[in-house]
Amino acid sequence: MSNYPDLQLYIGGAWRRTAETLPVINPADESVIGAVPVASTGDLDAALEAAERGFAVWRKTSPARRAEVLRKAAALLRERINEVATDITREHGKPFQQARLEVIRGAEFFEWDAGEAQRTYGRVIPSEPGIRYIVHHQPIGTVAAFSPWNFPMSQPARKIAGALAAGCSIIIKAAEETPAGCLHIARAFHDAGLPAGVLNLVFGIPTQISEYLIPQEQVRLIAFTGSTAVGRTLTGLASRYVKPTLMELGGHAPVIVCDDADPVKAGIASAIRKVRNSGQVCTSPTRFFVHESVYKPFTEAFIERARAVKVGNGLEEGVEMGPVANHRRVEAMEMLVADAVSKGAKLLLGGERPRNSGYFYPPTVLADLPGDARVMREEPFGPLAVINPVSSLEEAIEKANGVPFGLAAYAFTNSAANVDQITDDLEAGNVSINTLEASVAETPFGGVKESGFGREGGAEGILHYTVIKNVSHRMA
Ligand code: NAD
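Quick notes on the rules
Residues numbered from 1 in each chain as written. Predicted model: local features only at pLDDT ≥ 70, side-chain atom pairs only at ≥ 80, totals over all residues. Heavy atoms only, no water. Patch = residues over 30% accessible without salt bridge, like charges linked within 9 Å, V, L, I, M, F, W, Y side chains within 5 Å. Areas by Shrake-Rupley, 256 points an atom, 1.4 Å probe, with all protein chains shown as cover. Salt bridge = Lys/Arg side-chain N within 4 Å of Asp/Glu carboxyl O. Helix = DSSP H or I, 4+ residues; strand = E, 2+ residues; numbered from the N terminus. Buried < 20%, exposed > 50% of the residue type's maximum accessible area, 1.4 Å probe, protein only. Pairing = 2+ DSSP bridges. Axes fitted to C-alpha atoms, helices over the stretch in contact; angles between N-to-C directions. Right-handed = clockwise from strand over helix to strand, strands pointing away. Near = heavy atom within 4 Å. Polar contact = N/O pair within 3.5 Å; in protein donor to acceptor, adjacent residues only side chain to side chain. Nonpolar A, V, L, I, M, F, W, Y, C, P; charged D, E, K, R; others polar. Contact = heavy atoms within 4.5 Å. Parallel < 35°, antiparallel > 145°, perpendicular 65-115°, else oblique. Left-handed = near helix turned anticlockwise from the far one by under 90°.

Visitor: Any details on a nonpolar patch on the surface? Residues and values, ideally.
Guide: Residues Val 264, Ile 268 and Ile 272 make up a contiguous nonpolar surface patch of about 210 Å² in total accessible area. With respect to the helices and strands, the residue Ile 268 is situated in helix H9 (residues 263–275). Overall, Ile 268 belongs to the partly exposed group, its relative accessible area being 34%.

Visitor: Any details on the sheet that holds strand E5 (residues 123–125)? Residues and values, ideally.
Guide: For sheets, the rule is that strands pair by backbone hydrogen bonds, running either parallel or antiparallel. Overall, antiparallel pairing links the three strands, which are arranged E5-E6-E22 in an open sheet. Of all strands in the sheet, those bounded by a partner on one side alone are E5 and strand E22 (466–474). Averaged over all neighbouring strand pairs, the angle between strand axes comes to 25°, with direction disregarded. Bridge count between strand E6 (residues 131–139) and E22: nine bridges; the pairing is antiparallel. Each bridged residue has a counterpart across the sheet, and for Pro 139 the counterpart in E22 is Thr 466.

Visitor: Please give an account of the pairing of strand E8 (residues 169–173) that cites residues and values.
Guide: Counting buried residues along E8, five of its five residues qualify, which places the element largely inside the surrounding structure. Here E8 shows two buried faces, one formed by Ser 169, Ile 171 and Lys 173 and the other by Ile 170 and Ile 172. Relative to E8, strand E7 (residues 142–146) is paired through five bridges, and the arrangement is parallel. Bridge pairing in E8 places Thr 142 opposite Ser 169. On the question of chirality, the crossover connecting E7 to the parallel E8 by way of helix H5 (residues 154–166) is right-handed. Two strands pair when backbone bridges link them, and E8 and strand E9 (residues 199–202) are joined in this way by four bridges, in the parallel orientation.

Visitor: Quick rundown of the site of the ligand? Include the residues and the values.
Guide: Taken together, 25 residues lie around the ligand, and Trp 149, Ser 210, Ser 227, Arg 328 and Glu 379 are the ones closest in. The separation between an oxygen atom of the ligand and a polar side-chain atom of Arg 328 is 2.8 Å. Residue Glu 379 places a side-chain N or O atom 2.4 Å away from an oxygen atom belonging to the ligand. With the chains in place, 86% of the 810 Å² that the ligand exposes on its own is no longer accessible. Those elements that place two or more of their residues in the shell around the ligand are helix H7 (206–213), strand E10 (219–225), helix H8 (228–240) and helix H11 (327–342). With three residues, the single largest contributor to the shell around the ligand is H7. Taken together, the residues that form the shell around the ligand break down as 11 nonpolar, eight polar and six charged.

Visitor: Pulling in residues and values, what's your account of the sheet that holds strand E12 (residues 253–257)?
Guide: If you walk across this open sheet you meet the seven strands as E14-E15-E16-E13-E12-E18-E19, and the pairing is mixed. The open sheet has two free edges, formed respectively by strand E14 (346–349) and strand E19 (430–433), since each of these has just one partner strand. Neighbour-to-neighbour, the strand axes of the sheet open up by a mean angle of 20°, direction not taken into account. Together, E12, strand E13 (285–291), E14, strand E15 (364–367) and strand E16 (384–390) form the strand contacts of helix H10 (residues 295–307), whose direction differs from that of E16 by roughly 170°.

Visitor: Can you explain the packing of helix H1 (residues 41–58) against H7? Please cite residues and give values.
Guide: Running from N to C, H1 and H7 point in directions that differ by 45°, and their axes come no closer than 11 Å. When the axis of H1 is compared with that of H7, the two are oblique. In this structure, the crossing between H1 and H7 has a hand that is right-handed. Listed contacts from H7 to Thr 41, Leu 44, Asp 45 and Leu 48 of H1 are Ile 209, Tyr 212 and Leu 213. Residues belonging to the contact of H1 with H7 are distributed by class as follows: five nonpolar, one polar and one charged.

Visitor: I'd like a description of the pattern of salt bridges, backed by residues and values.
Guide: Evaluation of the coordinates by the stated rule reveals 22 salt bridges. Of the charged contacts in the structure, one is a salt bridge between Arg 80 and Asp 191, with a shortest N-O distance of 2.7 Å. With Arg 80 in the loop between helix H2 (63–79) and helix H3 (81–92) and Asp 191 in helix H6 (residues 180–192), this pair connects stretches of sequence that are 111 residues apart. We classify Asp 191 as partly exposed; its relative accessible area is 45%. Close ionic contact of Glu 427 with Lys 449 constitutes a salt bridge, the shortest N to O distance being 2.7 Å. Of the two residues, Glu 427 sits in the loop between helix H13 (416–425) and E19 while Lys 449 sits in strand E20 (residues 448–449), which places them 22 residues apart along the sequence.

This is the structure in C-alpha cells:
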C-alpha cells in the first residue's frame, strides 16, 4: 500500500513547503498520518501572482485544448484510483469503496466540464441593418475557492472543473483535515500539462486565507462549499468588495413518503443512503415525513437495515460506514440526540458512542419529535435520521419547507398528481422522486434560501465562471 502523501502547497506549477504545518488525523484511530502545510501571506502573494500569469495564458488557450487537459487529468485520476481512494479513506474515514466512487465522481466532473468548455455559446441578437449585437461569455478571471472535508476530492474537483473549463485560473484552499484528495488533483493536472499558475493549491488557517484573498484585486469570484455560517461571513466580505460569489451551503433534506409508496423499499433505500459518508453530505436524507398509513412498516424497515450496517475502519473489507470525520461531529450528534430525547423524542436506534478509539458514531434514529427539538431545524451532518408521521401530503410539504434550508428534497410516490404537487411546492434546488440521488455531473446542483445560490454542474455551472460581454459592432 502506498504511503500517505508528503503534503505541500502547489503554486505556479511548483511544489512548496512551509515553515509551519498542522497534523492530519486519521478519524478511524486518531493517529497522526501527515502534516499539512500552513500558507503564509508570502505564499498567498505568490499564488496570486502565479494565478494572474496563469490566467493570461489560459484565457488565450483554445477551449479544445482546455478540454484535452481536463480529460487527461481525469484519466490520470481514474488510473490512480486505488491510491487516491486509499488516501481519502485514511484522512476522512469513509469506506474504501465509497472513496473509489468519489474519485470516479470527481473525474466525471472534469469530463463533463471539459465538454462544457466547448459549449459556452454566445448569442447574436437580431438588430437593425448595419449593426451587430454579439453576446460573449468570457472567463471571469482568478477564482478564490474554498472546499470542505466531506468529499476531499470531488468537492474541490467541482470548483476546479468549472473554473478551468471556463478559462479561469484558480487558487483553491482545500480542507486542512483532508488535504490529500485535492493534492492528487493538483498532481494529475501537473502531469496532464496544465500551464503553471492556472491551478494553485493552498492550505492554512481558513479565516486568514479567505480574509487575505477575497479583497485582492486579482480575485474576481469567490466559490465556497461549507456551512451556512461560514458562507454568510464570506458573502459579507465579498459584498464589501463587490465580488460575485457561488455558495453551496448547508441543507437539511426532507424525505416525504406518500401513502401510495412501497414503505419497505423506501425504508431500506433511505437507511442505505443515510449512512453514506456517515451522513456527512449536504444532501443527506434526514427529516422523514411519512404518511401515517405506512409509518410503521417504513420505520421498521429503516431500522432493520440501519441496524445491520457494519461500522468500522473504512479500509477493512465489508465496512459500510466509517467514523465521522472529526470530533466536532461526534459532539454535535450527542448534543442533538440529548436535546431531542429531553424534549420527548423516542430514540429507536443508536445514540450511544462505542467505547473504542476513533470518531465513531452509530446509525441513529429518532422518532416522534416535537417541533422544538433542535435537530428539526439544525443540520446534523452525521448518521442521524428523524422520522415523524404526517396525515397528508400538504402537511408533509409544509413541514419539509419549515426550515431556512432548501438544497435537496426527496419523495417516494407513484402518483403523478403527487409528483406535480411536490415539484410545484417543495422549496429546494434539487428534488428527487423515488431516488435518493440528488446530483450528477450533468445536472445543475445548488440551493435556495440559506442553502446558498448559484449552481454547480449541468449546463449552468460553468456560466458562473464567466462574465457576459455584449459587443455592439456598427459596420463601417
Ligand atoms: P465549518 O463551518 O467550521 O467549516 C466548513 C468548511 O469551511 C471547512 O472546510 C473549513 O475549513 C471551511 N472554513 C471555515 N471557516 C472558513 C473561513 N473563514 N474561510 C474559508 N473557509 C472556512 O464547519 P465544520 O465543523 O467543519 O462542519 C460542520 C458544518 O459544515 C456542517 O454542519 C455542515 O453544515 C457544513 N458543511 C457543509 C458541507 C457541504 O457540502 N455543504 C461540507 C462540509 C461541512
